[in-house]
Protein chains: 2
Amino acid sequence: MKLPPEVTIYEVGPRDGLQNEARTLPTADKIRFIDALVAAGVKAIEITSFVSPKWIPQLADNAEVARGVARPAGVRMSALVPNRRGLDTALASGMKEIAVFMSASETHNKKNVNKTIPETLAAFEEVVGPARAAGLQVRAYLSTAFGCPYEGEVDPQRVVDLTGRLADMGVFQISISDTIGVANPAQVEDVLTRVIAKHPVSALAVHFHDTQGTALANCVTAMQLGITTIDSAAGGLGGCPYAPGASGNLATEDVVAMLHSMGVKTGIDLDKLVEASRSASTFIGHELPSKYLKAHLGKQARARRRAEQQGS
Amino acid sequence: MKLPPEVTIYEVGPRDGLQNEARTLPTADKIRFIDALVAAGVKAIEITSFVSPKWIPQLADNAEVARGVARPAGVRMSALVPNRRGLDTALASGMKEIAVFMSASETHNKKNVNKTIPETLAAFEEVVGPARAAGLQVRAYLSTAFGCPYEGEVDPQRVVDLTGRLADMGVFQISISDTIGVANPAQVEDVLTRVIAKHPVSALAVHFHDTQGTALANCVTAMQLGITTIDSAAGGLGGCPYAPGASGNLATEDVVAMLHSMGVKTGIDLDKLVEASRSASTFIGHELPSKYLKAHLGKQARARRRAEQQGS
């Protein structure tokens, strides 16, 4: 099986994960979580969102988080930025990379950012240009690329065209995103093949939600097409706010475990990553859905019981 | 993506699922569950195991279940049979298909059936020959084909050789099984390519456990190699008795949803399957791990809440 020798995991748990928690969590816990991810070898982390606290109160401490985390060399820290005001705060907080976001479907885009797609692209000009002028790297999410909760199927040509518009703006990486977790491997092959025919694969990332359990299968297909950046969230953080009990983001443990077992390097220490997720699960106050994490914690619990029985 | 137009789902929930439940469940509930699976369009079901109740008390009602289920034309009902005595009971209970089982690794085989692999193959002669003479189809599981909990890696050549031994005995289908859920797509491609080089792919099935979330990815790889029979359990029944909270069998809903979304037919009505699993979850007394099932039940609950709000 033709796979890349190495993949970059772009960790979205501290942002995409925590913004979906009902509770607002202590800033110090968030910083400890991000530091633990760095200690586990994660090299790209989206740490927060510079969005109005009216929209997402869970991330109102964005500037404190950005200033509080350690920033070792070789680790990219990014943050979501919805507008010029967010960019200014991100810059003031020392960010060197930001991410902008839009949807491939009009209805989802309108509901999510209250703008049409042309208006969103115009608004990006106000953010991407100044950000790049200030020396920042800009990443973009292209959401609902494989399906929209309002419109259903999304024309792959829209994904190709919008990827082109984003690349033309100077965005260095475009994350083709399955926001609602409906993509399947055949569709991933179809859509990505069309995108790659027009754009360098090195400028692409994939962002799969594991709502229906297909995220790892989709990642394998994407890697076979040459994709080398995969978005995921530690422990599968994020859940799915619209479906209680359902999974949201692809779990970092699940994808890293599969990659390592196939000989694909990530630079991540899986045991340390599990420890970071276990700690996060404690401060967040509920279990996380990652299958690898659950299996691993179960194994640890059994080993402890055996040790106790032998000791007694 | 080259995929088969149609795949047969071999449903193992009533056997592999229920034997892993701590409680022994009422026979009438088991029969209703199997009938509901048939009503959903499942065409091959392993309904029980003719194993001693000393080993698996949960399935002590094997003969009652076998006699109690409806047997519409076109639906294959199978049962696990460990020895000649089990075969006799299976025959007396009207079974037309049975399944035998062994492991590809010596240690797992010894712990599971208390025989060496050569002893197991010799014992199969006592079951497979008479079963075929009585007009039964015989299926075989080759467990730990992708990894053993005691020995770790398993030599793919053992899988190739044992598949040959089983085929030579007149077994019509061999299910290459990832008993502990450690297989990854690259390994599946490697092992199955070797097996298919020596044996007709039409005589093979795959049985993946979803302990680490890789089962669907493994299925895609297997289908790309021409495999058209996939084992799974409704709702992901079965759990993993050795890892609380961890997943066991691949969930039938998860694989069927992915197959249908890729245009691969199964003949199964997904809504009716979800209903069968939801009912099973009620009589079993706990939630089932299928991601599709959870997402679907969450969606239904939200729709009900919306309807109630509009009504009030």
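The rules behind the values
- Residues numbered from 1 in each chain as written.
- Chains lettered and ligands numbered in written order.
- Predicted model: local features only at pLDDT ≥ 70, side-chain atom pairs only at ≥ 80, totals over all residues.
- Helix = DSSP H or I, 4+ residues; strand = E, 2+ residues; numbered from the N terminus.
- Rg over C-alpha atoms; globule rule 2.2 N^0.38 Å.
- Buried ≥ 20, exposed ≤ 12 C-beta atoms within 10 Å, placed from the backbone.
- Contact = placed C-beta atoms within 7 Å.
- Pairing = 2+ DSSP bridges.
- Axes fitted to C-alpha atoms, helices over the stretch in contact; angles between N-to-C directions.
- Least-squares fit on C-alpha atoms with pLDDT ≥ 70 in both.
- Expected span 1.5 Å × (residues − 1).
- Arc of directions from axis to C-beta.
- Core = buried A, V, L, I, M, F, W, Y, C linked by C-beta atoms within 7 Å.
- pLDDT = per-residue confidence, 0-100.
- Left-handed = near helix turned anticlockwise from the far one by under 90°.
- Nonpolar A, V, L, I, M, F, W, Y, C, P; charged D, E, K, R; others polar.
- Right-handed = clockwise from strand over helix to strand, strands pointing away.
- Parallel < 35°, antiparallel > 145°, perpendicular 65-115°, else oblique.

## Here's the deal with the overall build of chain A
Okay, so step 1: Per the secondary structure count, chain A includes 12 helices and eight strands.
Okay, so step 2: Compactness check: chain A gives a C-alpha radius of gyration of 19 Å against a globular reference of 20 Å for 312 residues, within 12% of the reference.
Okay, so step 3: Along the longest, intermediate and shortest principal axes, the C-alpha atoms of chain A span 70 × 45 × 35 Å.
Okay, so step 4: The 312 residues of chain A split such that 52% are buried.
Okay, so step 5: A separation threshold of at least 6 residues defines the contact pool for chain A, and within that pool the share at least 24 residues apart is 74%.

## Brief notes about the sheet that holds strand β4 (residues 97-103) of chain B
Strand pairing in a sheet is mediated by backbone hydrogen bonds. Such pairs are either parallel or antiparallel.
All names here are of chain B.
Okay, so step 1: Around the barrel, which closes on itself, the eight strands sit in the order β1-β2-β3-β4-β5-β6-β7-β8 with parallel pairing between neighbours. Pairs of neighbouring strands in the sheet enclose a mean axial angle of 25°, with direction left out of account.
Okay, so step 2: For strand β7 (residues 204-208) and strand β8 (residues 229-232), the ladder comprises two bridges, and the chain directions are parallel. Bridge pairing in β8 places H207 opposite D231.
Okay, so step 3: Where helix α10 (residues 252-261) meets the sheet, it contacts β1 (8-11) and β8, and its direction lies at approximately 175° from that of β1.

## Notes on the relation of the copies chain B and chain A
Okay, so step 1: For the match of chain B to chain A, the screw axis carries a shift of 0.0 Å, the RMSD comes to 0.0 Å, and the turn is 180°. Interpreted geometrically, this transformation is the action of a two-fold axis. Among all residues of chain B, the minimum C-alpha distance to the rotation axis is found for B:A217, at 1.9 Å.
Okay, so step 2: Taken as a fraction of all interface residues of chain B, those also at the interface in chain A reach 100%, which identifies the copy contact as same-surface.

## A look at helix α7 (residues 156-168) of chain A
Residues and elements named next belong to chain A.
Okay, so step 1: Between its terminal C-alpha atoms α7 stretches 19 Å, which fits the 18 Å expected from 13 residues at 1.5 Å a residue.
Okay, so step 2: Among the residues of α7, V159, L162, T163 and L166 are the ones counted as buried. Taken end-on, α7 shows its buried residues confined to a sector of 110°, consistent with a single buried face. Facing away from the buried surface of α7 by more than 90 degrees, the exposed residues are Q157 and D168.
Okay, so step 3: Where α7 is buried, its residues contact β5 (137-143), β6 (173-178) and α8 (185-198).
Okay, so step 4: At the C-terminal side of α7, G170 shows a positive phi close to 100°.

## As for the nonpolar core
A general feature of soluble globular proteins is that nonpolar side chains tend to end up buried together.
Okay, so step 1: Counting 186 residues, the largest nonpolar core has A:I98, A:L142, B:I98 and B:L142 as the members making the most contacts within it.
Okay, so step 2: Beyond its immediate chain neighbours, meaning those up to four positions away, A:L142 contacts A:M102, A:A104, A:V159, A:L162, A:T163, A:L166, A:I174, A:S175, A:I176 and A:S177.

## As for the confidence of the model for chain A
Okay, so step 1: Of all residues in chain A, 97% attain a pLDDT of 70 or more, and the chain-wide mean is 94.
Okay, so step 2: Two numbers describe this predicted complex: its pTM, 0.95, and its ipTM, 0.94.

## Considerations on the pairing of β1(B)
Okay, so step 1: The pairing of β1(B) with β8(B) spans four bridges and is parallel. Paired with B:Y10 across the strands is B:D231, a residue of β8(B).

## A word on the packing of α8(A) against helix α9 (residues 215-224) of chain A
Residues and elements named next belong to chain A.
Okay, so step 1: Interaxial distance between α8 and α9 falls to 8 Å at its minimum, and their mutual angle equals 35°. Crossing geometry of α8 relative to α9 is assigned as right-handed. Contacts between α8 and α9 pair P185, V188, E189 and L192 from the former with A217, N218, T221 and A222 from the latter.
Okay, so step 2: For the contact of α8 with α9, the per-class residue count stands at five nonpolar, two polar and one charged.

## Points about the sheet that holds β5(A)
Residues and elements named next belong to chain A.
Okay, so step 1: Around the barrel, which closes on itself, the eight strands sit in the order β1-β2-β3-β4-β5-β6-β7-β8 with parallel pairing between neighbours. The mean inter-strand angle of the sheet, taken between neighbouring strand axes irrespective of direction, is 25°.
Okay, so step 2: Of the strands in this sheet, β5 and β6 are in contact with α7, which crosses β5 at around 165°.

## Digging into the interface of chain B and chain A
Interface size is commonly expressed as the accessible surface area that is lost when the partners come together.
Okay, so step 1: In this complex, chain B contributes 30 residues to the contact, which on the side of chain A involves 30 residues.
Okay, so step 2: At six residues, helix α12 (residues 291-311) of chain B tops the list of elements feeding residues into the side of chain B that touches chain A.
Okay, so step 3: Here the side of chain B that touches chain A is composed, by residue class, of 15 nonpolar, nine polar and six charged.

## With respect to the pairing of strand β2 (residues 44-49) of chain B
Residue and element names in this part refer to chain B.
Okay, so step 1: Along β2, five of the six residues are buried, which leaves the element largely enclosed by surrounding structure.
Okay, so step 2: Here two bridges tie β1 to β2, and the two strands are oriented parallel to one another. What sits directly across from E11, in β2, is I45.
Okay, so step 3: Where β2 and strand β3 (residues 76-80) come together, five bridges link them in parallel fashion. By the bridge assignment, S49 is partnered in β3 with L80.
Okay, so step 4: Each parallel crossover has a hand, and for β2 linked through helix α3 (residues 62-68) to β3 it is right-handed.

## Some points on the packing of helix α10 (residues 252-261) of chain A against helix α12 (residues 291-311) of chain A
Residues and elements named next belong to chain A.
Okay, so step 1: Close contact between α10 and α12 brings their axes to 6 Å; oriented N to C, the two are set at 85°. Compared by their axis directions, α10 and α12 come out roughly perpendicular. The segment α10 lies against α12, with E253, D254 and A257 engaging K291, Y292 and L293.
Okay, so step 2: Taken together, the residues of the contact of α10 with α12 sort by class into three nonpolar, no polar and three charged.

## Topic: α12(B)
Residue and element names in this part refer to chain B.
Okay, so step 1: Taking 1.5 Å of rise per residue, the 21 residues of α12 would be expected to cover 30 Å, and the 30 Å separating its terminal C-alpha atoms lies within 8% of that figure.
Okay, so step 2: Buried within α12 we find K291, Y292, L293, K294, A295, H296 and L297.
Okay, so step 3: Those residues of α12 that are buried are in contact with α10 and α11 (270-284).

## Considerations on unusual backbone geometry
Okay, so step 1: With a phi angle near 45°, A:T144 is a residue other than glycine that sits in the positive phi range.
Okay, so step 2: Unlike most non-glycine residues, B:N114 shows phi in positive territory, near 60°.
Okay, so step 3: Counting through the fold element by element, B:N114 comes out in the loop between α5 (106-113) and α6 (117-133).

## Some words on the environment of A:I196
Residues and elements named next belong to chain A.
Okay, so step 1: The topology assignment puts I196 in helix α8.
Okay, so step 2: Here the alpha-carbon distance between I196 and E275, two residues 79 residues apart in the chain, equals 37 Å.
Okay, so step 3: Not counting the four nearest positions on each side in its chain, I196 is found in contact with V201, L225 and G226.

## As for the environment of A:A183
Residue and element names in this part refer to chain A.
Okay, so step 1: Examined against the element boundaries, A183 turns out to sit in the loop between β6 and α8.
Okay, so step 2: Judged by C-beta crowding, with 29 C-beta atoms within 10 Å, A183 ranks as buried.
Okay, so step 3: Separated by 35 residues in sequence, A183 and N218 have C-alpha atoms that sit 7.4 Å apart.
Okay, so step 4: Those residues in contact with A183 that sit more than four places away from it in its chain are F146, G147, D178, V188, F208, T214 and N218.

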